[in-house]
Amino acid sequence: MKRFHVHLHVDDLDRSVGFYSQLFAAQPARIESDYAKWMLEDPPVNFAISTRGSKPGIDHLGIQTDDADELAALKARAQAADMALLDEGTTTCCYARSEKHWITDPQGVAWEHYYTLGNIPVFNEAPQPAPGTAPACCAPMDSRSTAKQASSCC
């Protein structure tokens, strides 16, 4: 089964956790000092929020797969549609190690397709940017350019 993924940037994590916990009638499945995630079953959504990024709002959308075969099928569909693809392979982001690739829709919205391999104790293992220059979560930094040209913060 695939699960829809949404990641939002928020200004106030505690206030947002309270709001979304009420909205979803569920507590987060994971919470960190800068991040919270709900793994909802009805509807099946991986909904994440973080205080990372430049401004509040949608950071990226995505599809989380349950196995490598589902991920490969999504990648094949993106390649068949001649979509620009940024293949990160095995990477870390959002307190998880994943196999992932990115595509960008015609509006410039970044979409990630990924299969989670396991949890990690840090947001990501990539070198951190200089203070005051924190990029978005893990989405290509300029989602309005093609994913082939975009670099990822993770």
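Residues numbered from 1 in each chain as written. Predicted model: local features only at pLDDT ≥ 70, side-chain atom pairs only at ≥ 80, totals over all residues. Heavy atoms only, no water.

Enquirer: Please provide a residue-by-residue account of unusual backbone geometry, values included.
Expert: Note: most peptide bonds trans; most residues except glycine with negative phi. Put simply, Asp 42 and Pro 43 share a cis peptide bond, and its omega is 0°. Following the sequence through the fold, Pro 43 ends up in the loop between β3 (35–41) and β4 (44–50). Residue Ala 25 is not a glycine yet carries a positive backbone phi of 55°. Considering the arrangement of structural elements, one finds Ala 25 in the loop between α1 (13–24) and β2 (30–32). By relative accessible area, which is 72% here, Ala 25 ends up exposed. Despite not being glycine, Tyr 95 has its phi angle at roughly 65°, a positive value. Following the sequence through the fold, Tyr 95 ends up in the loop between β6 (85–93) and β7 (96–104). (Helix = DSSP H or I, 4+ residues; strand = E, 2+ residues; numbered from the N terminus. Buried < 20%, exposed > 50% of the residue type's maximum accessible area, 1.4 Å probe, protein only.)

Enquirer: How would you sum up the pattern of salt bridges? Please name residues and give values.
Expert: On inspection of all chains with the given rule, the structure shows 6 salt bridges. Where Glu 32 meets Arg 30, a salt bridge forms, and the shortest distance between an N and an O atom there is 3.0 Å. Residues Asp 87 and Lys 75 are paired through a salt bridge, measuring 2.3 Å at the closest nitrogen-oxygen approach. In this pair, Asp 87 sits in strand β6 while Lys 75 sits in helix α2 (residues 68–80), placing the two residues 12 residues apart along the sequence. (Salt bridge = Lys/Arg side-chain N within 4 Å of Asp/Glu carboxyl O.)

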